[in-house]
Every structure is written in structure tokens, then in C-alpha cells.
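So the chains spell out like this:
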Amino acid sequence: MIEAYIKLLDQGYYELQFALEGMAADKVWVRPAPNLLSVGELAGHIAYWEAVRLAGEGTDLDKCSIKSPLVDSRFMYYPHTVPEAPGPEHLALTAVDVHAEVLRVHQEAMAAFRALAPDPDSPIPGCPTGFTYSQYLEYACFHIAYHIGQMYSVRHLFGEETPDN
């Protein structure tokens, strides 16, 4: 079952390229409204959770083996993200850069997970929800798809043409 979840998750990362394809560089970190997240912030949210769940312990970034501008506690949840603007390390990333960085985080998280080779039914260390690895991977398939849909919506709010979605 784990391999099926990973295959579905990989499909989500494949689809992510289309959500970012052709996006104007000056829009990646712009919120379409003060209470809506930017495409870059949504990408950071995806990267953050995969990194801390599969290559870390809970939300302690010191215990996460993956280092990235996108693995940043400000991307943890909406209430943490809205009050704090992206930093210069984020603003320097274009859509192409964000895509490459999210993929790198995904690949490193998958490598960490495979190296750990945990019992799929064991709880993820430090995970406040009590998710097992199997439950997290199942949820992660939905999680990435949901946020990719939001990325398309943000781009549409900016009047951008997007690939067929």
C-alpha cells in the first residue's frame, strides 16, 4: 500500500509543474488579497509538511534533515503564514526555482523515508496528530492536490493564462 501512496504522491508532484508553468516571476510571492496565500507560500506549505513528517520529528526544524527556504515554520499553517511576509530568501525564488526546490525537498523526504524504512503503521515521531506513516502518505496525496488547485486559483485571480487544468 505504501508504494501506491508514493506513486500517487509522485503524480501530484508531476502535476505541480503545470501549476507553476509560465507563471510571471513577479507574481510568485504576491498574495491576490491580504487573506489569500501566494503561490510561493502554498508551495512552501507543501514542502514544509513533507519535510517535517518524513525527514524530521514533529515541527522541530532543528530535527529535520532537509534544509530549504521552503522548509520554514512560517509556512506551517495559514495562521502562521498570513501575518508574516515572505523573506528575501523566498522573494529571490522564481516559479522555476520554486518548482525545483519543492521537487528537491520531495526527493530528499522520500530518500529519508526509504532509508528509515519504518513500519507503515508506526506513529511518526513528534507528530501531534498521531498520524502513522501510512496515514500521512495517504493524506499527503490529497494535500498536494488541494494546494495545487489553490495555486491555479491564485493565478486565475491575477488574470494569468494557465495550462489546461
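The following refers to the structure shown. Bear in mind the structure is a predicted one, so any value in this text is a computation, not a measurement.

If you tally the helices and strands in the chain, you get 6 helices and 0 strands. Each helix and strand of the chain, placed in order from N terminus to C terminus, yields the pattern α-α-α-α-α-α. Here the chain has a C-alpha radius of gyration of 15 Å; the compact-globule value for 165 residues is 15 Å, and the two agree. For the chain, the spread of C-alpha atoms along the three principal axes comes to 45 × 30 × 25 Å. Within the chain, the proportion of its 165 residues that are buried is 47%.

Quick look at the side chain of Arg155 now. In this structure, Arg155 sits in helix H6 (residues 133–157). Judged by its relative accessible area of 0%, Arg155 is buried. Excluding residues within four positions of it along the chain, Arg155 makes contact with Phe18, Ala19, Leu20, Glu21, Gly22, Met23, Val39, Glu160, Glu161, Thr162 and Pro163.

Contact geometry for helix H1 (residues 2–20) and H6: axes closest at 9 Å, N-to-C directions at 10 degrees. Here H1 is positioned roughly parallel relative to H6, judged by the angle of their axes. Here the hand of the crossing between H1 and H6 comes out left-handed. Packed against H1, whose contacting residues are Ile2, Tyr5, Ile6, Leu8, Leu9, Gly12, Tyr13, Glu15, Leu16, Phe18, Ala19 and Leu20, the element H6 presents Ser134, Leu137, Glu138, Ala140, Cys141, Ile144, Ile148, Met151, Tyr152 and Arg155 at the interface. Partitioned by chemical class, the residues of the contact of H1 with H6 number 17 nonpolar, 2 polar and 3 charged.

This part is about H1. The first and last C-alpha atoms of H1 sit 28 Å apart over 19 residues, in line with the 27 Å expected at 1.5 Å per residue. The elements touched by buried residues of H1 are helix H2 (39–54), helix H5 (95–116) and H6. Backbone geometry just downstream of H1 places Gly22 in the positive-phi region, at approximately 75 degrees.

Taking 1.5 Å of rise per residue, the 22 residues of H5 would be expected to cover 32 Å, and the 31 Å separating its terminal C-alpha atoms lies within 8% of that figure. Here the buried face of H5 lies against H1, H2 and H6.

In this section: the side chain of Arg74. If you trace the backbone, Arg74 turns up in the loop between H2 and helix H3 (78–81). Judged by its relative accessible area of 12%, Arg74 is buried. Those residues within four positions of Arg74 in sequence are excluded, and the remaining contacts are His80, Thr81, Glu84, Ala85, Pro86, Gly87, Glu89 and His90.

Taken as a whole, the largest pocket spans an internal volume of roughly 270 Å³. Along the walls of the largest pocket sit 15 residues, with Leu37, Leu42, Tyr78, His147 and Gln150 positioned nearest its centre. At the level of secondary structure, the elements contributing two or more residues to the lining of the largest pocket comprise H2, H3 and H6. Tallied by class, the residues present in the lining of the largest pocket amount to 8 nonpolar, 6 polar and 1 charged.

Analysis parameters
- Just so you know, the residues in each chain are numbered from 1, in the order the chain's sequence is written.
- The predicted nature of this model means local features are confined to residues of pLDDT at least 70 and side-chain atom pairs, given and counted, to a pLDDT of 80 or more, with totals for whole chains, interfaces and linings taken over all residues.
- Each side-chain value is worked out from all heavy atoms of the structure, with water and hydrogens disregarded.
- Helix and strand labels come from DSSP, where a helix needs a run of H or I of at least four residues and a strand needs a run of E of at least two; each type is numbered from the N terminus.
- Atoms considered for the radius of gyration are the C-alpha atoms alone. The globule rule reads 2.2 Å times the number of residues to the power 0.38.
- Whether a residue is buried, partly exposed or exposed follows from its accessible area with a 1.4 Å probe, protein chains only, as a fraction of its type maximum: under 20%, in between, or over 50%, in that order.
- Here a residue-residue contact requires only that any non-hydrogen atoms of the pair lie within 4.5 Å.
- Geometry is summarised by axes, namely lines fitted to C-alpha atoms with helices restricted to the contacting stretch, and by angles between N-to-C directions that run from 0 to 180 degrees.
- We call two directions roughly parallel when the angle between them is under 35 degrees, roughly antiparallel when it is over 145, roughly perpendicular when it lies between 65 and 115, and oblique otherwise.
- For any pair of crossing helices, the crossing counts as left-handed if the nearer helix is rotated counterclockwise from the farther one by less than a right angle, and right-handed if it is rotated clockwise.
- Throughout, the ten residues Ala, Val, Leu, Ile, Met, Phe, Trp, Tyr, Cys and Pro are labelled nonpolar, Asp, Glu, Lys and Arg are labelled charged, and all others, Gly among them, are labelled polar.
- One less than the number of residues in a helix, times 1.5 Å, gives the span that helix is expected to have.
- Put simply, the grid is 1 Å and covers the protein atoms alone, a cavity is a trapped set of points that fit a 1.4 Å probe, a pocket is an open set with protein on both sides within 12 Å along at least five of seven lines, and lining residues have an atom within 4 Å of a point.
- Grid points are joined across faces, edges and corners, and a volume is the space filled by probe spheres set on the points.

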